[in-house]
Amino acid sequence: MATIKHFQVTFDCADPERVARFWCEVLGYVAPEPPEGFDSWDAYNASLPTEERNTWFAASDPTGAGPRMYFQRVPEGKTAKNRLHLDVRVGTGLVGEERLAVLEAECARLLPLGAVRGKLLLADGENESCLNMQDVEGNEFCLD
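A few points on the structure. (Residues numbered from 1 in each chain as written. Predicted model: local features only at pLDDT ≥ 70, side-chain atom pairs only at ≥ 80, totals over all residues. Heavy atoms only, no water.)

1. Digging into the side chain of asparagine 82
Then, in step 1: As for its position among the elements, asparagine 82 is in the loop between strand E3 (68-73) and strand E4 (86-88).
Then, in step 2: Here asparagine 82 falls in the buried class, since its relative accessible area comes to 17%.
Then, in step 3: Polar side-chain contacts of asparagine 82 include one of 3.5 Å to the side chain of lysine 78.
Then, in step 4: Sequence-distant contacts of asparagine 82, defined by excluding residues within four places in its chain, comprise Asn139 and Glu140. (Helix = DSSP H or I, 4+ residues; strand = E, 2+ residues; numbered from the N terminus. Buried < 20%, exposed > 50% of the residue type's maximum accessible area, 1.4 Å probe, protein only. Polar contact = N/O pair within 3.5 Å; in protein donor to acceptor, adjacent residues only side chain to side chain. Contact = heavy atoms within 4.5 Å.)

Shown next, in the form of structure tokens:
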């Protein structure tokens with residue numbers, strides 16, 4: 001019998017700390033403490049050569065139940081639709097107008113954080129409604 005493996009989700013991005021902090025707000029995750037000897041991430045980054053600053057950041061579920069999220073700086077920008085995306089499950093168990101209200105409320109919370117609203121996909125008899133969105137660097141995700 002196979003054993004369950006822990007995994008992390010890795011994002012390639014231009015600004016790891018910005019994207020990580022966005023996802024911390026979306027999911028209720030927490031950022032790591034700054035490295036030993038530094039009282040903040042800004043102080044740590046200031047100690048590094050310019051090209052080594054903000055090369056990575058992480059976000060973790062404070063309960064330990066969800067996967068760690070790792071954000072790494074890459075030189076190239078996003079050029080196509082994600083082949084993998086996150087579904088943020090805010091409407092689980094809800095249907096109809098009640099589900100739509102929860103999706104819209106979460107969308108309204110995320111827009112000031114830098115999220116971009118996409119298309120609302122209404123329930124079709126097989127799938128419940130969901131709302132396509134993008135994070136602060138254009139990575140697609142769904143409010144589900």
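Further notes follow.
2. Points about the packing of aromatic side chains
Pairs of aromatic rings are described using the distance from one ring centre to the other and the angle between the two planes.
Then, in step 1: Applying the stated criterion across every chain, the model contains 10 aromatic pairs.
Then, in step 2: Relative to tryptophan 23, the ring of phenylalanine 11 lies with its centre 5.9 Å away and its plane at 40°, an arrangement referred to as tilted. In this pair, phenylalanine 11 sits in strand E1 (residues 8-13) while tryptophan 23 sits in helix H1 (residues 16-27), placing the two residues 12 residues apart along the sequence.
Then, in step 3: The exposure class assigned to phenylalanine 11 is buried, which follows from its relative accessible area of 11%.
Then, in step 4: Residue tryptophan 23 is classed as buried on the basis of its relative accessible area of 1%.
Then, in step 5: Aromatic pair phenylalanine 22 and tryptophan 23: ring centres 5.5 Å apart, planes at 90°, arrangement edge-to-face.
Then, in step 6: The class for phenylalanine 22 is buried, based on a relative accessible area of 4%.
Then, in step 7: Here a set of aromatic residues connected by ring pairs shows up, and it is made of Phe38, Trp41, Tyr44, Trp56, Phe57 and Tyr70. (Phe/Tyr/Trp six-rings, centres within 6.5 Å; stacked < 30°, edge-to-face > 60°.)

3. Observations regarding the pattern of salt bridges
Pairs may arise between side chains of opposite charge once their charged atoms sit close together.
Then, in step 1: The full count for this structure, using the stated rule, is 6 salt bridges.
Then, in step 2: For arginine 89, the salt bridge is made with aspartate 144, and the minimal N-O distance between the two is 2.7 Å. With a gap of 55 residues between them, arginine 89 in the loop between E4 and helix H3 (96-110) and aspartate 144 in the segment after strand E7 (140-143) connect regions that are remote in the sequence.
Then, in step 3: According to the relative accessible area criterion, arginine 89 is exposed, its value standing at 54%.
Then, in step 4: Measuring nitrogen to oxygen at the nearest pair gives 2.6 Å for the salt bridge that ties glutamate 104 to arginine 117. Of the two residues, glutamate 104 sits in helix H3 while arginine 117 sits in strand E5 (residues 116-121), which places them 13 residues apart along the sequence.
Then, in step 5: The exposure class assigned to glutamate 104 is partly exposed, which follows from its relative accessible area of 30%.
Then, in step 6: By relative accessible area, arginine 117 is classed as partly exposed at 36%.
Then, in step 7: Three or more residues joined by partner-sharing salt bridges are found here, namely Arg89, Arg99 and Asp144. (Salt bridge = Lys/Arg side-chain N within 4 Å of Asp/Glu carboxyl O.)

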